[in-house]
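Commentary on secondary and tertiary structure
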Amino acid sequence: MTERLCLRALRVEDFDVFFAMRSDPRLAVGGVVETREEAWSRLLRARGHWAVLGFGYWALTERAGGRFVGEAGFIDFRRDVEPSLDGTAEAGWMVIAERQGLGYAGEAVAAMLAWGAANIPRDLATCMIAPDNAPSIAVARRAGFRSYAEATYRGEPVTLYRRRLRAAS
């Protein structure tokens, strides 16, 4: 929970709005919108992360009214990218277009990083962002992520960011 958001498990009941978000061209990662089948698979993978790894993505809902506004959390997709993200807690977030610019992504990322520091036994959090995604880059930087590599993922340029998941002791 944050001041304005509830972070909870994704549910089957979220699928229609989840699919609308994942297929919105304004939010397309790498310019590719997801099909209904791909969005369904993504929702199931998010739930499966929790069962297998003990972390995953949450649904972001507004505390006032319960409206689904996005997703955020940690994943381990074992992506085919160099340098490798293996062994890190890969952070990700997405907010529906109609709720962007309200600070929801930053609020969710701060909450998930605090949770991750207490619950994920990995030293680094990483994220992968398209170089033209200025809003996500700003969220990442405010959360303490710093760029460390340029890479190509699925034929598209990306910038890799990282930060310590918890303060060095």
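The text that follows walks through the structure, step by step, so that each part is easy to find. (Residues numbered from 1 in each chain as written. Predicted model: local features only at pLDDT ≥ 70, side-chain atom pairs only at ≥ 80, totals over all residues. Heavy atoms only, no water.)

Membership of the largest hydrophobic core comes to 44 residues, with the highest contact counts inside it found for Leu10, Phe18, Phe74, Trp93, Met112, Leu113 and Phe145. Counting residues per element, this core draws most heavily on helix H3 (residues 104-119), which supplies six residues. Each residue touching tryptophan 93, except ones within four places of it in the same chain, is listed here: Tyr57, Glu71, Ala72, Ala105, Val109, Met112, Cys127, Ile129, Ser136, Val139 and Ala140. Grouped together as the second largest cluster of nonpolar side chains are eight residues, Val81, Leu85, Val158 and Leu160 included. (Core = buried A, V, L, I, M, F, W, Y, C linked by side-chain atoms within 4.5 Å. Buried < 20%, exposed > 50% of the residue type's maximum accessible area, 1.4 Å probe, protein only. Helix = DSSP H or I, 4+ residues; strand = E, 2+ residues; numbered from the N terminus. Contact = heavy atoms within 4.5 Å.)

Bringing the sheet that holds strand S5 (residues 124-129) into the picture now. Read across the open sheet, the seven strands follow the order S1-S2-S3-S4-S5-S7-S6; overall the sheet is mixed. Each edge of the sheet is formed by a strand with only one pairing partner; in this case those strands are strand S1 (5-9) and strand S6 (146-153). Taken over all neighbouring pairs, the strand axes of this sheet differ in orientation by 30 degrees on average, direction set aside. Against the sheet, helix H4 (residues 134-142) contacts strand S4 (89-95), S5, S6 and strand S7 (156-164), and its axis sits at roughly 165 degrees relative to S5. (Pairing = 2+ DSSP bridges. Axes fitted to C-alpha atoms, helices over the stretch in contact; angles between N-to-C directions.)

Let us look at the packing of aromatic side chains. The geometry of an aromatic ring pair is captured by two quantities: the separation of the ring centres and the angle between the planes. Evaluation of the coordinates by the stated rule reveals seven aromatic pairs. With a centroid separation of 5.2 Å and an interplanar angle of 90 degrees, the aromatic rings of phenylalanine 15 and tryptophan 40 are classed as edge-to-face. Linking phenylalanine 15 in helix H1 (residues 15-22) with tryptophan 40 in helix H2 (residues 36-53), this pair joins segments that are 25 residues apart in sequence. Relative accessible area serves as the criterion here: at 7%, phenylalanine 15 is assigned to the buried category. The interplanar angle of 85 degrees and the centroid separation of 6.5 Å between the aromatic rings of phenylalanine 18 and phenylalanine 68 together place this pair among those described as edge-to-face. Note that phenylalanine 18 is positioned in helix H1 and phenylalanine 68 in strand S3 (residues 68-75), a separation of 50 residues in sequence. Here phenylalanine 18 and phenylalanine 68 have matching classes, each one buried. Chaining the aromatic ring pairs together yields one cluster made of Phe15, Phe19 and Trp40. (Phe/Tyr/Trp six-rings, centres within 6.5 Å; stacked < 30°, edge-to-face > 60°.)

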